[in-house]
Every structure is written in structure tokens, then in C-alpha cells.
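Structural features, examined
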Amino acid sequence: MSHSSTNSVRSNQFSRNCKSVSPGSYSCNALNVDFSSYTATHQWTKMLECAEFVGAKRSKHTVVAYKDAMYVFGGDNGKTMLNDLIRFGVEDKSWGRACATGTAPAPRYHHSAVVYGNSMFIFGGYTGDIHSNSNLTNKNDLFEYEFQRTMWVEWKFSGKMPVPRSAHGAAVYDNKMWIYAGYDGNARLNDMWTLNLTGENHQWEEVEQRGERPPTCCNFPVAVARDCMYVFSGQSGMQITNSLFEFNFKTKTWRRIGNEHVLRGVASQPPARRYGHTMVHHDRFLYVFGGSADSTLPNDLHCYDLDSQVWSIIQPEANSDVPSGRVFHASAVIGDAMYIFGGTVDNSVRRGDTYRFQFSSYPKCTLREDFGKFFNDKQFCDIQFIVGPEEIKIMAHIAFVAARSKYLRTKILAARDARRQQMEKVFGSGCLEVRTCTSGANHEPLLEVRLPNANPEAFEIILNYIYTDRIDLKEPYTKNIIILITDIYQLAGLFLMPRLAHGCIQYLDFKINKQNVLEALYNADRKKIQIVKDHCMQFIIKEENFTDVVMSNEFSDLDKPLLVEIIRKRLNPCKIVNEANLEKNVGKYQVYPNFKSTTLESDMAVFLESTGKDFCDINLMLEGQVIPAHKSILSARTQYFQGMFRSFMPLDNTVNISIGDILPSPEAFQSLLRYIYYGETKLPPQDALYLFQAPNFYGLANNRLHSFCKYSLEHNINYENVLQTLEASDYTKIYDIKDHALKLIVKDFSRVARLPKISSLSRELLLDIIQAVADSHGEFLTRISINTDI
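Residues numbered from 1 in each chain as written. Predicted model: local features only at pLDDT ≥ 70, side-chain atom pairs only at ≥ 80, totals over all residues. Heavy atoms only, no water.

Let us now look at the sheet that holds strand β30 (residues 392-396). Overall, mixed pairing links the three strands, which are arranged β30-β29-β31 in an open sheet. What marks the edges here is a single partner per strand, and that holds for β30 and β31 (447-451). Ignoring strand direction, the axes of neighbouring strands in this sheet form an average angle of 25°. Of the strand pairs in this sheet, strand β29 (residues 383-387) and β30 are connected by five bridges, and their pairing is antiparallel. Within β30, the residue paired with Gln384 across the bridge is Met395. Sitting on the sheet, helix α4 (residues 406-427) touches β29 and β31, and the angle it makes with β31 is about 125°. Lying on the sheet, helix α5 (residues 456-468) is in contact with β29, β30 and β31; it crosses β30 at an angle near 5°. (Pairing = 2+ DSSP bridges. Helix = DSSP H or I, 4+ residues; strand = E, 2+ residues; numbered from the N terminus. Axes fitted to C-alpha atoms, helices over the stretch in contact; angles between N-to-C directions. Contact = heavy atoms within 4.5 Å.)

Below is the structure:
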């Protein structure tokens, strides 16, 4: 059967398959992409600037979202305080003054504004005549603006109230308004108050806060998500930090989301400490923009994933109108976009510009969760590590371990060669390894690798890091934890994993204290880990630590050489080893000079493309092409392969590949493998057409791949790949994409016609192109005689 005939049969089968759509699957013909109204995700767009006759340029104001508009109140224009209320309509993209009756709040800035029901509530702030420097004072009044009646109403209270304040935070949860921290004119605060916004009893109540609350602060933003309020940075005097704090409304408990977690990675550092910034919540993310960060005005957009607890910087879409850095601006979320307005830029210049940022709402990447669950379930394990002098047995998967550690990869290859030689010695040269154990994925005996000098607990934690790129120690922080991290650090050097080692140093830097530093010093000295020892020494000899450490009971128990060394360093401090040298010398183990820190994604990418070739244990067959792969990685990410390998194993160790009733192109299947191995979501539109049904067919954890397929089709079809897209959409019967491709071909026909790909198109597709050109340019083209051999 010819290739074109085969495609015809497969297309008919696929077309019939699409008529019956099961729950959770996708009807291919139901794919509708509105290209005309599409806005690229992560794109900044400059909107209409607010004209001076509508409202002044300003900063220190508030912005709230109500239905399809944002409302701006107050602030200052550099000369006077403001109390006007202006409105930006998202649909008509226009500014106007909002209608208002009743007595408006006095002009003010650094107040707060929240929306509840059909009303906006304004609390506190700083008011007076800044030009004449008179009547300047903080307020604790509360005003309600009713959107539907366009009316201002002041609420009156008796009894205990929050002290007047400005630059505070406000939120709405459980029908209540919550006020937190701020500045009262003399000191920064960290008290919390709540007010019931429903019923007849409107009385302020102070909240008894538990847990690790933030330091007293002002000029910080708050965001509400998942029954919690989040606070990030702000002006806190000497205690200013870039920590993210979480307040649980139900338990009234604070929790600091520490930045000290081992291995959040260089690329996932939190934003620098700052004040006057904004933070909003959308989907599962918190977004931080702007502010003053140590005398700079950055314009990066930082994102915090509430699921993975990882910070990242959002790279804006090409051709974005990225706003300049600014402080004391305001922002709000409307629909699937964030709008920011105003603020102060360099040289105290107020702005009246408006920007829109288009969010992405993709399902989260489950790569680490999938791999971590697979490690914990211990399915299909094919290697057993014999660890420590007690010979503790710890099972794992060859593919994951070999992908992450060059040292362990070498050990695995040596153990495999030794086993083969032993089998040949017993059964003769050329024998097949006897399958006597059902623990391995292939029902083969588990490969054994001995690590006699490793700490089993530390090695188990490193294995978890190998699968997930993270170490989260949930036990209380004790001296034993410090020793454990030191052991992990030592093994990280042995296993040539500098990123893990660097994470251990970061962890120790945060967690070493007066109570555990001597234990850590003793352990580092005994194991000859110089960088940890130097770090402990530097901590001990600090003025604020030295006396307490020396007077402790543990100090007198130290060996005499260590005691002498501490005293000498105190008298003559020497330069401590710089952490920047970590990758050159990790502990007592010399790391290869060109060995660089890597992530889970980068290691798995290299493993798929090159280093994993020696460890393939399954053949995937596609159109006669053999694609070697790894059972454990396929099983970790897809229910399809996990179920197959659990139920039966093909005798020839070969699996024929399809997606439903169609065969993907080899290029599309390589895109799918990249997604399975390391979460890659960049794929050309022609591959996206083949992979639309892959999440459902293969049983992926969620529809993230499907979402990026749609994104690719919406965003990446151009004249260079439009012919491949046309061919793929015709094969998969996704006709709205085919129509869109034909329109692009007609629009840029002079360049498309010169592409080499056009010569390999089928006769039917060439006729479709000619018909599209004819429809666009006139009927005379339809009279052209088409050679039947085309």
C-alpha cells in the first residue's frame, strides 16, 4: 500500500473515530480557534492613557475591578491629594469620570480599597493639604461607594476601632473586610482588624493572630487565594525581607513561606525586597510587579506558583509594550488579564498610563509530581542500591538515576557489565540473562549497586531529589537535620551534583544557629568538608554570636584543636572560602572543571537525546521506524504505558504507536516524547494537530499538553510552516485550522509558493490551494488546466 493510500485510510478511520466523543476527550471537528480576537499570552499592551481633563496623573492611589471596568480613587499628583473617582471600561477601552452623589471621602493617598458585592469600600489613608503642609493626618474612616446607585455613604462606628493608618493592606473574605498593618504616623504596625460587611451589627474586632506573623510593615500589597491572604515584602525598617507570608483566614495563623527551601534553583529565586509594588492573584499564581527595590525601579513581572511553591520571572511576549519600572502604582484583575495604572517613575514623575497583561491559564506542569509519585510507589524498579555498612536496600529506576548523576551512571554501567560477565561465566558466552525475579520492569533480577560509605537516610533523600529536583525536610529543624544536610552535601559532591550541593549550603546558611553550630562544625571537621566548616567558623566568630556560643555547654566538649582554631580565627579572622568556588571544589571531591549545575528538565532532555541511549529498554515502532525509549519514564508519565507494562509485556519488547486511530508523524511523536520526558511545550503547529488527543489517549495527568497545542495553533502558524500545518490539518480533519492555513497561504502566496515543501503536497491539497487563490483573486484562475500527473 502506498504512503498516500495509507494516509487516506487512516484519515477515514480518524474521521469516524471523532464522531463518538467520550467524556474527557476532544472532538477534533469541535476545535474552534478565533484568530481575529486572539491576544498572545504574556503580552503587555499599552492602553489608552487617561486624559488630564478626565483625571490627573497620579500615584499612591487605589484601583479595584467591578464587572468589566476598573475604578481609580484618590492618590496624589505631586502637588495635591485627590479624591476623584474615574473609570476605565475594558470593553470600549475608554476613560471617563464615574458618576457619584453623596459626600465623597476627603482627598487622600495610601488608603485601601476593596470590592464586596456591588460596593467599593475605602478605608483610612493619609489626608490634608500637602502643598501648604497643613492638616496632614492619618484616617480610620470607612466609605462605601455603591456602584449601582453611584452614591457615596460614610459608615459610622462606636466602640473600639483600628488606629488611624495609611499604607496598610486590606482584603475581603467570608463577608468581612480585613485590615492589616500600615503606618500610624509614628510607627509601623502589624495588627489586624476585621469588620462584618453584612447584617446590622457593624463593629470592628481585633484579630488574635497566631504563628509567624510578618514584621511591622507598610507599603506592601496583599492578595487573597485559597482561604488565605498573602503579604510580600514592604517597608519594614531593618527587618525588611523578601519573604512571602501566608495568613490562613480560618485558623487565623501566619506562616512564612521560606525562601530557604533547598533547591528552588537559581532560576526560581523570589523577587528582591521592595516596597510600593503590586501583587494580584489569578488562577494558581500570584503576580508581583514594580516597586522600589533597593533604589531601583525594576519592571520584571514575578510569578509565584501556589502549587509548586516556586518563583519565576515571566518573559513577556515579543513586541510587548512593557511598562517602565514604577512605584506606588495600582493594579486589578479583570477576566484573564491584569491592568495597571499610574505610579511614580524616575525623578518622581507621576504617570497616567494604563497597561494590560494577558495571563496564561495553562494546567500546571506535573513532571515532578509524576516522577515523585512513581518513585514512592516503587513500581517497575530495576535497580537496588545496597547502602551503608548496614547494607540497607533501596530500590529505584535505572533511567532516572542514570539521567541525573554521571557518577551513578558509571556505577550502573559497571554493575551491569559485571552481571553480564557473571552470567556468561555461569551459562556460557552469548547467554541471555535469566529472568527469575518479578521485581524489575522486565521481570529481570534487580541490578545491584553498592554504596558502602553512604548514609542511607541521606541517599534516600538524594534519590527523591533525583526524581523531583527538590528536597523538602518536613521534620522540626534540629541538630540532626543539620548533620543530615551535611551528609547530603558530601554525597552531592561524590555524585557530581553541584546544584544539590549548592542548595545544601544555602540551607545551612539559613538554618545554622547558636544552638546547632558547634554540632555542625564538629561534623564538618570530622568529614573534612571545608566549606561547611568555614561557614560555621564565620558564624561563631561574629560579634553577636561569639559570647553565647563560647559560654554554651557544648563548647567545652569540643576537641582541643577545634577550640584553638576558633580562638585563633576570632583573634585573626581570615577569608572564608567563597561559595562561588562550589562548582570547582565540592567538599573533598574534585568536580570536573566543565561540570555545570543542571535541572531535572535539562538532565532529562540530555538523557532523551544522548546519554540515555545505553539504557533504553523498550522499542516504540512508528511507520517502520524504531524509537528506543525507557519504560520507567513512560510509565511515570502515562497511564497508557503504565497499564500496559503492568498487565503484559510484548514478547519482542516492541510497542506499535498510535494516537487513537491515527498515526502521528515521526516529528509529532518526538514532540510528545519531549513532553513526557521533560515537560517541553514548544511544538510547531503541525505537531500540535496530531497531539490534540494525546492527553486523553495516553492518560496524561492533565490537559496541559492540549492547552499548549491550542496555543501553538493560535500563535505559531506562519508562512514557513503553513504548508506542513495545511497537510496535518487535512489529515486530522480539523477543518477550521485548514481554512485558516489556506487563508495564510493566499495572503503570502509569493513566498509560500517558493517553499520546498510545496512540491511534496498531494494533488488534492494543491487543488485546494489553487481554489483558495481563485476565490481570492478571480474566477480566471479556475480555467487553468491542471496536469493530472501533478
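Moving on: the state of the cysteines. Inspection of every chain in the model, using the stated rule, returns zero disulfides. Lacking any disulfide linkage, Cys217 is separated from the closest cysteine sulfur, that of Cys218, by 7.1 Å. (Disulfide = S-S within 2.5 Å.)

Further remarks concern helix α18 (residues 704-715). Over its twelve residues, α18 extends 16 Å from the first C-alpha to the last, a length consistent with the 16 Å expected when each residue adds 1.5 Å. Within α18, ten of the twelve residues are buried, which leaves the element mostly enclosed by the surrounding structure. Taken together, the buried positions of α18 are Arg704, Leu705, His706, Ser707, Phe708, Cys709, Tyr711, Ser712, Leu713 and Glu714. Next to the buried residues of α18 lie α15 (666-678), α16 (685-690), α17 (694-698) and α20 (735-747). (Expected span 1.5 Å × (residues − 1). Buried < 20%, exposed > 50% of the residue type's maximum accessible area, 1.4 Å probe, protein only.)

So, about unusual backbone geometry. Phi at Lys60 takes a positive value of approximately 65°, unusual for a residue other than glycine. Structurally, Lys60 is set in the loop between β1 (44-46) and β2 (62-66). For Lys60, a relative accessible area of 18% corresponds to the buried category.

Residue pairs spaced three or four apart in an α-helix point in one direction, given the helix's 3.6 residues per turn. Here helix α14 (residues 639-647) has its buried residues at Phe641, Gln642, Met644 and Phe645. Around the axis of α14, the buried residues are gathered within 165° of arc, so they sit on the same side. Along α14, the residues that are exposed and aim more than 90 degrees away from the buried face are Gln639 and Ser647. (Arc of directions from axis to C-beta.)

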